[in-house]
Amino acid sequence: MNTDKVEGKFDQVAGKIKQKVGEAVGNQKLANSGVAEQVKGAAKETWGHAKDTAAVVHDDANASARVRGEDLKYRAEDKAHEVREKVATTAQNIKNTVNEKLDNIKRDHNR
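A short tour of the structure in this document, coming up. Treat the numbers as computed from the prediction; the structure is a model and nothing was measured. (Residues numbered from 1 in each chain as written. Predicted model: local features only at pLDDT ≥ 70, side-chain atom pairs only at ≥ 80, totals over all residues. Heavy atoms only, no water.)

Moving on to the overall build of the protein chain. Looking only at helices and strands, the protein chain features 2 helices and 0 strands. Taking 111 residues into account, the globule formula puts the C-alpha radius of gyration at 13 Å, and the protein chain, at 38 Å, lies well above it. Taken along its principal axes, the extent of the C-alpha atoms in the protein chain is 125 × 15 × 10 Å. The burial tally for the protein chain puts 14% of its 111 residues in the buried class. (Helix = DSSP H or I, 4+ residues; strand = E, 2+ residues; numbered from the N terminus. Rg over C-alpha atoms; globule rule 2.2 N^0.38 Å. Buried < 20%, exposed > 50% of the residue type's maximum accessible area, 1.4 Å probe, protein only.)

Nonpolar side chains collect at one region of the surface, where Val13, Ile17, Val21 and Val25 lie side by side and expose about 360 Å² of accessible area between them. Tracing the chain through its elements places valine 25 in helix α1 (residues 3-25). Among the residues examined, valine 25 registers a relative accessible area of 60% and is labelled exposed. (Patch = residues over 30% accessible without salt bridge, like charges linked within 9 Å, V, L, I, M, F, W, Y side chains within 5 Å. Areas by Shrake-Rupley, 256 points an atom, 1.4 Å probe, with all protein chains shown as cover. Salt bridge = Lys/Arg side-chain N within 4 Å of Asp/Glu carboxyl O.)

This next bit is on helix α2 (residues 28-109). For α2, built from 82 residues, the straight-helix expectation of 122 Å at 1.5 Å per residue is met to within 8% by its first-to-last C-alpha distance of 119 Å. Of all the residues in α2, the buried ones are Ala31, Gly34, Glu37, Gln38, Gly41 and Gly48. Looking at the buried side of α2, the elements it contacts are α1. N-cap assignment for α2: the residue whose side-chain oxygen lies 3.1 Å from the backbone N of lysine 29 is asparagine 27. (Expected span 1.5 Å × (residues − 1). Contact = heavy atoms within 4.5 Å. Polar contact = N/O pair within 3.5 Å; in protein donor to acceptor, adjacent residues only side chain to side chain.)

Right, here's the structure in full:
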């Protein structure tokens, strides 16, 4: 619970007390001031609630981004490994093909 929510609840209680005292002694200005303080407290409590909600959404978004980032990193590393393997295999195949052709040329010239 953040300070805005706590202060808002406190303002609402203080406002309710002012309102009741003002009504009890017939002081309309005090009663009205108490209601105004309750409204202020309710707004402050709601603002605190909104800030808490924004923090939760922010934290959730960050966690999701971290998970997506880790997934993308894993997939990129996996893809890089696949590409390296293909390059190495292709190089080996080219070497074998060239050596085979060179061996054929040598054999043809040694006859």
